[in-house]
There are 2 protein chains.
Amino acid sequence: MSHETAVSEGDLTRTGMALKHDREWDYELDRIVTAVAERDASTVGLQFPEGLKRRGPAVVDDLRDRLPADVTAMLSGQPCYGACDLDTYLMRRTDVFVHFGHSPMKESEKIIYVPLFSNVAVEPILTDALDELADPGDDPDVGLVTTAQHMNRFEAMHAWLEARGFEVHTRRGDDRLTHEGQVLGCNYAAADIDAEQVLYVGGGKFHPLGLAMEHPDKRVVIADPVNNAVSVADAEQFLRQRYATVHKAMSAEQWGVIFCTKIGQGRWEQAEAIVAENDDAYLITMDEVTPDRLRNFDMDAFVNTGCPRITTDDGPQFHKPMLTPGEYEIAVGNEPLEDLSFDTFHGTW
Amino acid sequence: MSHETAVSEGDLTRTGMALKHDREWDYELDRIVTAVAERDASTVGLQFPEGLKRRGPAVVDDLRDRLPADVTAMLSGQPCYGACDLDTYLMRRTDVFVHFGHSPMKESEKIIYVPLFSNVAVEPILTDALDELADPGDDPDVGLVTTAQHMNRFEAMHAWLEARGFEVHTRRGDDRLTHEGQVLGCNYAAADIDAEQVLYVGGGKFHPLGLAMEHPDKRVVIADPVNNAVSVADAEQFLRQRYATVHKAMSAEQWGVIFCTKIGQGRWEQAEAIVAENDDAYLITMDEVTPDRLRNFDMDAFVNTGCPRITTDDGPQFHKPMLTPGEYEIAVGNEPLEDLSFDTFHGTW
């Protein structure tokens, strides 16, 4: 599967959720046990991100010790790379449903969200990052953003930077985001701040690349506390890959227009608009967008109205070029080439 | 994906649904157009089996020519290898939903089932099959079974055999099956007839192997009209593989018990019973059962209560042994080794 053969740099397996640090997570079993008692539940569904699925059985063991014997715990086997990979089947069919490791895209009484915070200290990497940030004496303004699993250290990062003379700018992105300063692979609104430099604290390359493309006027400094590395986001190479893909798709005759059926990824108007104006475009609906599922469709190119990480990060694994909706408009000549930008999602479900 | 990297011998890609014969199919567009008019539909969902997905765009084109301009057609991008791979998401969200190429497991007003029949003549392969069948003078009794795509020739096969002195035994399997004489990869009840030999007319190896295992007392003659080959089903090698897999799983400590959420594949009582009596067994729920989805679970072996074709045909592609529920009972010592049998499904949704 795409996620297996070439692990995304933006997903959890590279961002400290992997086992290399052998850290302990707080699964908040008390909250789950309480919810089971309150709802007199007979079934509990548990969904873990890919990088933590192997912890599932031990969590089930712990719950079995603490729950009545007639309560059945179930692990979701659906792929899970983000908050929008909600296993709605399991959610609807269990009395208590717990989603681990992602912050809610939208609060729901049906779902217990258990964040799993990294316990990696951030101060050492912040110290290293000083080399790439402007001297606060010259330019004190810096934006600060991070991902869900480092959110527990956000205040500490903020204070650390202020103590060194920075004026730290933060904001809560939009409805799609739970926390002040949080970014998603598909949403960088938290970096819409009044500073020429943004410090991204977190793992992976995908988030900072999206950040740099979404905010081309800002310098994006990456402080990766998990891999202990500081760098500056360079959207150049990424942009070149995207241009090459757009160029390849320009000769496409038949287009497959993917409408992703996952919660939080459905952009129906966009998908329908493309098909309405292009006689050679065909709507394809699916939940998981994988190379194997598209291989049997005889299309020359695809437009993915779902998760932009799939389109750009997994893109090379598909047998035909796959574009974001914005890139499609360029490929068919509706928009100029220089309008190429990162595909983002706003709002919730 | 499993289905891509090692094409199942039991699936459509090897049974004449592939393009090699370049045959024309009757998509019954009139029925679809009529349904759209009757329901004043604004959306039409179309689901094709994997081997025919590439025909989807042409069918959409034909429908666009004949439907009002404001009707939107959508192709299902979900994997589809059988009647139980129903795209319930698309079904629920379209006014007219058409499932091509499989006979209904259960009639539903929501779904238009369009069978796609093979146009390969069966008489030549029946003639060849005479070499493997008993002389009707010695033993005239023969069972006759086939698959959905050759069902249009069933009467002709029947008459052809009778004209040659055979007494042809047929029956409708059970609720799971639409037609007299029809078998599924998970149901061979149509061969519960009073004859020592059964003639299977159809492609692939999986169906006749299941047939031979389910009816070990009968000789199963395979007449494959698509690949133009006659053989006798030999369950020996298949059984040896299954024994080897069971043996490997005997040392398993942690078991993943898969509950498949697809329509027609859910055997909840079976899955729950295993977990209830084995403290080292963990329920995992999922729709598509693929090697990649299980790789992140730290289990020593899996029991699949869903589709037996996945377990046996795709089995070697999984990183850990995967057993049918019956095989599991053998592996944990609840049943003797000689009780190993083919896993079948009865009933409908």
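Residues numbered from 1 in each chain as written. Chains lettered and ligands numbered in written order. Predicted model: local features only at pLDDT ≥ 70, side-chain atom pairs only at ≥ 80, totals over all residues. Heavy atoms only, no water.

Residues and elements named next belong to chain A. Of all six residues in strand β5 (residues 141–146), five are buried; the element is thus mostly enclosed. Pairing of β5 with strand β6 (residues 167–169) involves three bridges; the strand directions are parallel. Bridge pairing in β6 places Gly143 opposite His169. For the crossover that starts at β5, traverses helix α6 (residues 154–163) and ends in the parallel β6, the hand is right-handed. Where β5 lies against strand β7 (residues 197–201), four bridges are found, and the strand directions are parallel. Bridge pairing in β7 places Leu144 opposite Leu199. (Buried < 20%, exposed > 50% of the residue type's maximum accessible area, 1.4 Å probe, protein only. Helix = DSSP H or I, 4+ residues; strand = E, 2+ residues; numbered from the N terminus. Pairing = 2+ DSSP bridges. Right-handed = clockwise from strand over helix to strand, strands pointing away.)

This brings us to a positive patch on the surface. A cluster of like positive charges, contributed by A:Arg92, A:Arg93, B:Arg92 and B:Arg93, occupies part of the molecular surface. By the element assignment, B:Arg93 lies in helix α4 (residues 88–93). (Patch = residues over 30% accessible without salt bridge, like charges linked within 9 Å, V, L, I, M, F, W, Y side chains within 5 Å. Areas by Shrake-Rupley, 256 points an atom, 1.4 Å probe, with all protein chains shown as cover. Salt bridge = Lys/Arg side-chain N within 4 Å of Asp/Glu carboxyl O. Lys, Arg positive; Asp, Glu negative; His and termini not counted. Charge placed at Lys NZ, Arg CZ, Asp CG, Glu CD.)

Mapping chain B onto chain A is achieved by rotating through 180° and translating by 0.0 Å along the same axis, at an RMSD of 0.0 Å. Accordingly, the operation relating the two chain copies is best matched by a two-fold axis. When you check the interface residues of chain B against chain A, 100% turn up at the interface there too, and the contact is symmetric in its surfaces. (Least-squares fit on C-alpha atoms with pLDDT ≥ 70 in both. Contact = heavy atoms within 4.5 Å.)

With that settled, consider the sheet that holds strand β3 (residues 96–100) of chain A. Taken in spatial order, the eight strands line up as β4(A)-β3(A)-β1(A)-β2(A)-β11(B)-β10(B)-β12(B)-β13(B) in an open sheet, and their pairing is parallel. In the strand order of this sheet, the two ends are held by β4 (111–114) of chain A together with β13 (322–323) of chain B, each with one partner. Relative to β13(B), strand β12 (residues 301–304) of chain B runs parallel, the two being bridged by two bridges. Counterpart to B:Phe302 in the pairing with β13(B) is B:Met322.

So, on to helix α2 (residues 29–39) of chain A. Residue and element names in this part refer to chain A. Listed in full, the buried residues belonging to α2 are Leu29, Ile32, Val33, Ala35 and Val36. Taken end-on, α2 shows its buried residues confined to a sector of 160°, consistent with a single buried face. More than 90 degrees from the buried face of α2, the exposed residues found are Asp30, Ala37 and Glu38. The inward-facing, buried residues of α2 contact β1 (43–47), α3 (56–66), β3 and β4. (Arc of directions from axis to C-beta.)

Turning our eyes to something else, we now look at the packing of aromatic side chains. All names here are of chain A. For the structure on display, the rule yields 16 aromatic pairs over all chains. Judged by centre distance (5.6 Å) and plane angle (55°), the rings of Phe206 and Phe342 are tilted. In this pair, Phe206 is assigned in helix α7 (residues 206–214) and Phe342 in the segment after α12 (325–331), connecting sequence segments 136 residues apart. Where Phe238 meets Phe342, the ring centres are 6.0 Å apart and the plane angle is 35°; that geometry is what we call tilted. You can see Phe238 sitting in helix α8 (residues 235–249) and its partner Phe342 sitting in the segment after α12, a full 104 residues away along the chain. Across the pair, Phe342 and Phe238 agree in class, each one buried. Among the aromatic residues, ring-to-ring pairing joins Tyr188, Phe206, Phe238 and Phe342 into one connected group. Sitting above the plane of the Trp160 ring, Arg164 keeps its charged end 3.8 Å from the centroid. Above the ring of Tyr81, the side-chain terminus of Arg309 is found at 5.9 Å from the ring centroid. (Phe/Tyr/Trp six-rings, centres within 6.5 Å; stacked < 30°, edge-to-face > 60°. Lys NZ or Arg CZ within 6 Å of the ring centre and 35° of its normal.)

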